[in-house]
Every structure is written in structure tokens, then in C-alpha cells.
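In case you want the letters, here they are:
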Amino acid sequence: MKVAGFSFVKNAIKYYYPIVQSIQSVLPLVDEFVIAVGKSDDETLQLIQSIDNDKIRIIETVWDETLREGGRVLAVETDKALSYVSKDVDWAIYIQGDEVLHEQDHERITASMIKWKNDRKVEGLLFKYHHFYGSYDYIGDTRRWYRNEIRIIRPHIGVVSYRDAQGFRLNNCKLKVKETGAYIYHYGWVKPPEKQAEKRQNFGKLWHSDAWVKKYRPEITFDYSEVESLAKFNGSHPLVMHELINRKNWKFEVDISRKKFNLKGRVLYAIEKLTGYRLGEYKNYNII
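Conventions used here
- Residues numbered from 1 in each chain as written.
- Predicted model: local features only at pLDDT ≥ 70, side-chain atom pairs only at ≥ 80, totals over all residues.
- Heavy atoms only, no water.
- Phe/Tyr/Trp six-rings, centres within 6.5 Å; stacked < 30°, edge-to-face > 60°.
- Helix = DSSP H or I, 4+ residues; strand = E, 2+ residues; numbered from the N terminus.
- Lys NZ or Arg CZ within 6 Å of the ring centre and 35° of its normal.
- Salt bridge = Lys/Arg side-chain N within 4 Å of Asp/Glu carboxyl O.
- Buried < 20%, exposed > 50% of the residue type's maximum accessible area, 1.4 Å probe, protein only.
- Pairing = 2+ DSSP bridges.
- Right-handed = clockwise from strand over helix to strand, strands pointing away.

## Quick notes on the packing of aromatic side chains
Throughout the structure, instances matching the rule amount to 21 aromatic pairs. For the pair Phe8 and Trp63, a centre-to-centre distance of 6.0 Å together with 55° between the ring planes defines the contact as tilted. Of this pair, Phe8 sits in strand 1 (residues 3–9) while Trp63 is found in the loop between strand 3 (56–61) and helix 3 (72–83), placing the two residues 55 residues apart along the sequence. By the ring-pair criterion, three or more aromatic residues cluster together here, those being Tyr133, Tyr138, Trp145, Trp189, Phe222, Tyr224 and Phe252. One Lys or Arg, Arg144, reaches over the ring of Trp145 and ends 4.3 Å from the middle of that ring. One residue, Arg144, lies across the ring of Trp189, its end atom 5.2 Å from the ring centre.

## A look at the pattern of salt bridges
Evaluated as defined, the whole model comprises 13 salt bridges. The residue Asp41 makes a salt bridge to Lys14 at a minimum N-O spacing of 3.6 Å. Linking Asp41 in the loop between strand 2 (32–38) and helix 2 (44–49) with Lys14 in the loop between strand 1 and helix 1 (19–26), this pair joins segments that are 27 residues apart in sequence. Owing to a relative accessible area of 61%, Asp41 belongs among the exposed residues under this scheme.

## As for the pairing of strand 2
Judged by how many residues are buried, strand 2 sits mostly within the fold: seven of seven residues are covered. Side-chain alternation along strand 2 places Glu32, Val34, Ala36 and Gly38 on one buried face and Phe33, Ile35 and Val37 on a second face that is also buried. Where strand 1 and strand 2 come together, six bridges link them in parallel fashion. Note on strand 2: the bridge partner recorded for Gly5 is Phe33. Where the polypeptide runs from strand 1 across helix 1 and back to strand 2, its parallel neighbour, the crossover connection is right-handed. Taken together, the six bridges between strand 2 and strand 3 define a ladder with parallel strand orientation. Bridge pairing links Val34 to Arg57 in strand 3. Note on the crossover from strand 2 through helix 2 to strand 3: the handedness is right-handed.

Pasting the structure below:
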């Protein structure tokens, strides 16, 4: 079985992306790793080049930031990286620049790829999510956070990135997938408050018009306290994240017993906690 990893990145240093940790978390599982590095305002390219591993193949790109409909440029960059994956690869593991795999899931992930390798009905493999928020101690536990997404696909069968690169489609149809039982550790909402504010302003340009960008009043710092509900994270973080976690230099603490729902949100939250079922959940995949 041959496996590739792929990703894209731009301005990783400027916006505090753990891209090095993302790549390192995937490397033990793959034979090659393709990373599309967009022309950046910082030394992101040099950062990726500094990772000492022969599996890594860097593709330098330029983002088309006129593609503002729903963050479409992110999917385009994902597809660029995917197009460079070797033709004889059986599976391709996708990781975004703020996502990390835990080493405790490596055996489970490999076993899933082996199990479904020859079943051509299976077009992708599904992961569960931990969405960290504010600090490395809290995770989102409401319906605003997607619970599952495809992060392994069967390459070179026409699968492409969908919308803003959250998931994938084949011929504009949802992929047929199996569950891995493994987790993606998503750290996109954990960074210094001023970096989070800067990132939100910049990424708004990928979704909105020039008029919106001109009208938008940028935040100086991001207020992490404006969140409906969080839960305490009681598990362990991937080893590759430990150094970064120990360098954290801002504080965020929250009383997880206090919820900020409207009536509808409170009812939906209660139903989910009692039954495990999320009414109206968005699922960009079909589990077979």
C-alpha cells in the first residue's frame, strides 16, 4: 500500500498556524507529502524547507484572491497539492495547516486504509474532530462545530476539494466513506488574540467583496469570551504539539457551566446531549 499526504499553506508564521506540527503528525503514515506553499508575506516557504524529511515535496503557488465566493481559493489550492500526488498512490491523507493527527491513532488509521484499500466502493475515510477554542484546554461542544469530515481520499478518480476546502466531492456528489474512529485535533481557534483578530480580517477577504472589506472595522484583539458553550478537554495532545503548547503566552479561562444560548439553541443543545443526535446536522459524505 502506498500513501501520500497533502496540504496547502500561506502566511503560516504571520497567522500562527502549526503547519510544521501538522506535517510532522502525518509523515509517519505516508510515503510522500505534497505541500502547496502560497507566496507569503512572511518566511513560510523557508519554514517548510527547514523540515528535514525527504518525503516532503514543495509546490510553490500564487493564490488567486479574486476567488472570493465562499473561500473558493482554499479549495483551488487544495486541488493543486492533490494534483501532484504520485499516480500509484492508493490513499491520500489531507491535513490542513491548523489540524494535527495524534500518534495514538496511527495504527487505527493505517488499519482502516488497509481494510478498505481494495474496496473501490469506498471513496474516502472519515475522521472525528476535537475543535479547540481559546486555549488548548477547551473544545467546542455545540452545533457550530462540525463533528466529522473526510480526511483520507482515494486519489486520481476525480475527487476534488469542495467549497472552502472543508471536505471533498466526486462529480459533485458526496463521497461514499467508512469511519476510521480516529480524531483530527483542530487548533485554528487557538492563537494569541491579536493573531486571531488579524486572521479573521484577512480571511474575510476570501469570502466577501471589496466593499465589505472597505467597510469592515478590524478588531484589534479577538474576544474569546463570546462563545455559546465550551467543554473541558481531558485528553492528551499529540506529542508534536507539546512544545508549542508550553510556549503559549496568553490566558483564557471560562466557566463551562455558563451557557449563552437563545431558546432554540438551548433546546437543540439539550437534545444532543441527551440523545447524541444532532438535528439538521450537515454531512458532506455518505457512510456506507
